[in-house]
Amino acid sequence: MTISRRDLLRAGGVAGGALLAGSGTARATSGPSHAEPVAASGSAYGESVAAGSMDAGPVGAGSAASPWDRVPEILARIVPPAFPDRAFPITSYGAVGDGSTDCTAAFRNAIAACNAAGGGRVMVPSGTFRTGKIHLLSNVNLQVNGTIRFRTDPGSYLPTVLTRWEGIECYNYSPFIYANGQTNIAITGTGTIDGNAPAGDWSSWGSGGADRDQLREWGANDHPVAQRQFGDGHELRPNMIGLYNCTAVLVEGVNLRNPAMWTLHPVYCTNVTVRNVTFYSTNSQGDGCDPDSCTDVLITGCKFDTNDDCVPVKSGRDRDGRRVGRPSQNIVIQNCKFSGRWGGVTIGSEMSGGVRDVFAEDCECNAPDFPGRYPVKYALYVKTSFNRGGYVDGVHLRRITGHDLERSALYVTLNYETSGSLPPVVQNFTADGLAIDGAAQAYNLDGRPTDHIKNVTISNSTFNRITTATPTASNVDNLVLSGVFVNGKDISNTAGARYEAEDAVISRGVVESNHAGFSGTGFVNSDNVAGAYVEFSLNVAAAGTKALTIRYANGTTTNRPYSVTVNGTVVSAAVNAPGTGAWSTWASASVQIPAVSGANTVRLTATTAGGLPNLDYVEIQP
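Just so it is clear, the structure is predicted and the values come from calculations on it, not from any experiment.

**Topic: the overall build of the protein chain**
Then comes step 1: The secondary structure content of the protein chain amounts to five helices and 50 strands.
Then comes step 2: Across the 622 residues of the protein chain, 57% fall into the buried class.
Then comes step 3: Total accessible area computed for the protein chain in this model is approximately 21,400 Å², and 49% of it derives from carbon and sulfur atoms.

**What to know about the sheet that holds strand β23 (residues 311-313)**
Then comes step 1: Strand order in the open sheet formed by six strands is β23-β26-β29-β32-β35-β37, with parallel pairing between adjacent strands. With one partner strand each, in any of the chains shown, β23 and β37 (472-474) form the two edges of the open sheet. Going from strand to strand, the sheet's axes swing by 10° on average, the running direction of each strand aside.
Then comes step 2: Bridging between strand β35 (residues 441-446) and β37 involves three bridges; their strand directions are parallel. Among the inter-strand pairings, L445 is bridged to a residue of β37, identified as A473.

**A few points about the environment of G99**
Then comes step 1: Mapped onto the elements, G99 comes out in strand β4 (residues 98-102).
Then comes step 2: Judged by its relative accessible area of 29%, G99 is partly exposed.
Then comes step 3: Along the sequence, G99 and I148 sit 49 residues apart, while their C-alpha atoms lie 8.8 Å from each other.
Then comes step 4: Apart from residues lying up to four places away in sequence, G99 is in contact with T128 and R130.

**Concerning the nonpolar core**
Then comes step 1: Within the largest apolar cluster, 99 residues are counted, with the highest numbers of intra-cluster contacts made by I299, F304, I333, F338 and F429.
Then comes step 2: Membership of the second largest hydrophobic core comes to 30 residues, among which are A501, V524, L604 and L612.

**Topic: the sheet that holds strand β7 (residues 134-135)**
Remark on secondary structure: sheet strands pair via backbone hydrogen bonds, oriented parallel or antiparallel.
Then comes step 1: Read from one edge to the other, the open sheet built from four strands follows the order β7-β12-β15-β18, with strand pairing classed as parallel. Among the strands making up the open sheet, the edge pair consists of β7 and β18 (264-267).
Then comes step 2: Where strand β12 (residues 177-180) lies against strand β15 (residues 241-244), four bridges are found, and the strand directions are parallel. Bridging from a neighbouring strand, N180 pairs with Y244 of β15.

**Some points on the pattern of salt bridges**
Any two side chains of opposite charge can pair, given that their charged atoms come close.
Then comes step 1: Tallied over the full model, the rule gives 34 salt bridges.
Then comes step 2: The partner of E252 in a salt bridge is R275, with the nearest N and O atoms 2.8 Å apart. In this pair, E252 sits in strand β16 (residues 247-252) while R275 sits in strand β19 (residues 270-275), placing the two residues 23 residues apart along the sequence.
Then comes step 3: As a salt-bridge pair, R448 and D451 come within 2.8 Å of each other at their nearest N and O atoms.
Then comes step 4: Through salt bridges with shared partners, a single network forms among E169, R228, D320 and R323.

**Notes on the environment of V425**
Then comes step 1: Note that V425 resides in strand β33 (residues 425-432).
Then comes step 2: V425 sits 27 residues away from H452 along the chain, and the two C-alpha atoms are 8.2 Å apart.

**With respect to the packing of aromatic side chains**
Then comes step 1: Throughout the structure, instances matching the rule amount to 17 aromatic pairs.
Then comes step 2: A centroid spacing of 5.1 Å and a plane angle of 75° characterise the contact between W202 and W205, whose relative ring orientation is edge-to-face. Grouping residues by exposure puts W202 and W205 together as buried.
Then comes step 3: Sitting over the ring of W342, K377 keeps its end group 4.5 Å from the ring centre.
Then comes step 4: Across from the ring centre of Y617, 4.0 Å away, lies the NZ or CZ of R498, which sits over that ring.

**Quick word on the pairing of strand β13 (residues 183-188)**
Then comes step 1: Judged from the four bridges that link them, strand β8 (residues 140-144) and β13 form a sheet pairing that is parallel. Counted as the bridge partner of L142 is I187 from β13.

**Digging into the environment of R164**
Then comes step 1: Within the secondary structure layout, R164 lies in strand β10 (residues 161-165).
Then comes step 2: For the pair formed by R164 and Y244, sequence separation is 80 residues and the distance between their alpha carbons is 9.1 Å.
Then comes step 3: Not counting residues within four places of it along the chain, the set of residues in contact with R164 comprises E169, Y244, H265, V267, Y268, D292, S293, S315, G316, G321 and V324.
Then comes step 4: Of note is the side chain of R164, whose polar atom sits 2.9 Å from the side chain of S293.

**A word on the state of the cysteines**
Then comes step 1: On inspection of all chains with the given rule, the structure shows zero disulfides.
Then comes step 2: Note on C289: no disulfide assigned, nearest cysteine sulfur contributed by C302 at a separation of 7.1 Å.

**A short note on helix α4 (residues 209-220)**
Then comes step 1: The terminal C-alpha atoms of α4, which comprises 12 residues, lie 17 Å apart, in line with the 16 Å expected from a rise of 1.5 Å per residue.
Then comes step 2: Restricting attention to buried positions, one finds in α4 the residues D211, L215, W218 and G219. Down the axis, α4 shows its buried residues gathered within 100° of arc, on one side only.
Then comes step 3: In this structure, the buried residues of α4 make contact with β10, β11 (168-172) and α5 (318-324).
Then comes step 4: Backbone geometry just downstream of α4 places D222 in the positive-phi region, at approximately 60°.

**Examining unusual backbone geometry**
Then comes step 1: The amide bond that connects L158 to the next residue, P159, takes the cis arrangement and shows omega of 0°.
Then comes step 2: Following the sequence through the fold, P159 ends up in the loop between β9 (147-150) and β10.
Then comes step 3: Geometrically, the link from G348 to S349 is a cis peptide bond, its omega value of 5° lying close to zero.
Then comes step 4: For A248, which is not a glycine, the phi torsion comes out positive at approximately 65°.
Then comes step 5: Checked against the element boundaries, A248 lands in strand β16.
Then comes step 6: Judged by its relative accessible area of 7%, A248 is buried.

**Side note on the confidence of the model for the protein chain**
Interpretation of the predicted coordinates at a detailed level should be avoided for regions scoring low in pLDDT.
Then comes step 1: Chain-level statistics for the protein chain give a pLDDT mean of 88 and a share of 89% at 70 or above.
Then comes step 2: Segment residues 1-64 is flagged for pLDDT under 50; beyond a separation of four residues in sequence, or across chains, it makes 136 contacts in the model.

**Observations concerning helix α3 (residues 104-116)**
Then comes step 1: Compared with the 18 Å implied by 1.5 Å per residue over 13 residues, the 19 Å span of α3 between its first and last C-alpha is a close match.
Then comes step 2: Where α3 is concerned, the buried positions are T104, A106, F107, A110, I111 and C114. Axial view of α3: buried residues confined to an arc of 165°, hence all on one face. Counted as exposed and oriented over 90 degrees from the buried face of α3: R108 and A116.
Then comes step 3: Residue G118 follows α3 closely and has a positive phi angle near 100°.

Rules used throughout
Residues numbered from 1 in each chain as written. Predicted model: local features only at pLDDT ≥ 70, side-chain atom pairs only at ≥ 80, totals over all residues. Heavy atoms only, no water. Helix = DSSP H or I, 4+ residues; strand = E, 2+ residues; numbered from the N terminus. Buried < 20%, exposed > 50% of the residue type's maximum accessible area, 1.4 Å probe, protein only. Areas by Shrake-Rupley, 256 points an atom, 1.4 Å probe, with all protein chains shown as cover. Pairing = 2+ DSSP bridges. Axes fitted to C-alpha atoms, helices over the stretch in contact; angles between N-to-C directions. Contact = heavy atoms within 4.5 Å. Core = buried A, V, L, I, M, F, W, Y, C linked by side-chain atoms within 4.5 Å. Salt bridge = Lys/Arg side-chain N within 4 Å of Asp/Glu carboxyl O. Phe/Tyr/Trp six-rings, centres within 6.5 Å; stacked < 30°, edge-to-face > 60°. Lys NZ or Arg CZ within 6 Å of the ring centre and 35° of its normal. Polar contact = N/O pair within 3.5 Å; in protein donor to acceptor, adjacent residues only side chain to side chain. Disulfide = S-S within 2.5 Å. Expected span 1.5 Å × (residues − 1). Arc of directions from axis to C-beta. pLDDT = per-residue confidence, 0-100.

Below you can see the structure in the form of structure tokens.
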């Protein structure tokens, strides 16, 4: 009987692309599979598949010669809206720019008139205009040349509207500027939009307390969204600009200051341009620009001086995010300056709907001419946890510079929160041409023993003045380092391609994971018979003699030798595998093999009745 491990994974909802790239066929013959019970926890992409979001699964970064080849087509789809040459000054509708007159009605009436006329510019001239909530309509460009200063009383942001609060849908206070289901909208100008949050009670509400806990419980239990009512009497702070289900959005030139919570939050939007905007936040949860379940987004030429992450890409939290099942995808970040308390480019932590194809280039962290109040801790911060589900597939950086980062330049973790049983798939990262002068570490890649980070390539990059010179990579498959220097030392890892034994063809053996220290998802425990084998399909770029490294463990005191056959020819009749002292103590053997260009079949066959040692993986040198 032939059992395919890949078929087992598919049966459990895991696409083949979630395996280690280049691992060859994944089949097992003779005997039951002891692979971890993937099917027991449902799809690796969480409930988004069950929710009808089959297009939300990973597509992988390898569909083009370079992932960056996709960027021109993404940018071609991102077209800022245009507006008729009509002006609707808010002063014509009763607004007074004295900083005290309430202009809420003037904003509402000017926007309604502009929309009714077929579109144009709602003009905010010089002066300071105090207002409550502003709701944008289609074909309206809110052009701010003076200052909009928002009221601090929560009642000015009622009645409640549909929002997504930290990744969970609910009805809450209106964002200070809000739009839902609108087309062709813009916020432009050289003026200032001031949330004025430090002057009110917003700061004292903190991160939501009991209301936040209630919302998370409702999200976890599929409580009807219409019944998730907050607002008056509750303490979930609203975002400053929340744009929902909108198409063709432009935010350009303005200074955004002092939000109650996240500053600019596009949700379920398509074709979004954020250009030459300056962000300044003071409260906790003070994110800059949070594209959330959005498609085709360009963030360019912006400056971030934030009290939290600068550009965090999100797509919903846990079960509620999987219920909605809408990924953030095709996000391009260019020529930005990051100063903030946490990450420059951040993914998550709310990413349960999936995130794919994020590109960041020519950005600077802690720029000398824009130092900000807080130094960015991470240039890239990917934070996921045990109960998010979903995926992060395809995050690509190039020509990112920075100095004096507080922590690792690149930090990817699956352990942001440690409760739950539905971890995401996290894979396909590239970082090229990074130049970091000052950081705690060059990178920290923090996977889990049962959920590895897959396919990370760092190339042509220098990390100087690094406090801990040795980077961290825990539970990472296919980490490639090419032209990478830390404190002047080349740490390039061109040691070769790794092929996990559990993904190979297995005869007279099973996949197990009951001894610690293995790579991948397990190891092969063969039957105690001569002739048991594990067969790998290895891809080699150029023919020649290659070094093959075999990682194994032998918890007995008896040698368990094996032969090595390459493309049908025995190249080594007996490679010794003496006892390693314990089944959790791993050792390596090396053998030279002749390889042809392209696919090579390599079989390790037990030559004694003791069978094979436990096999973890093989690596072939380039």
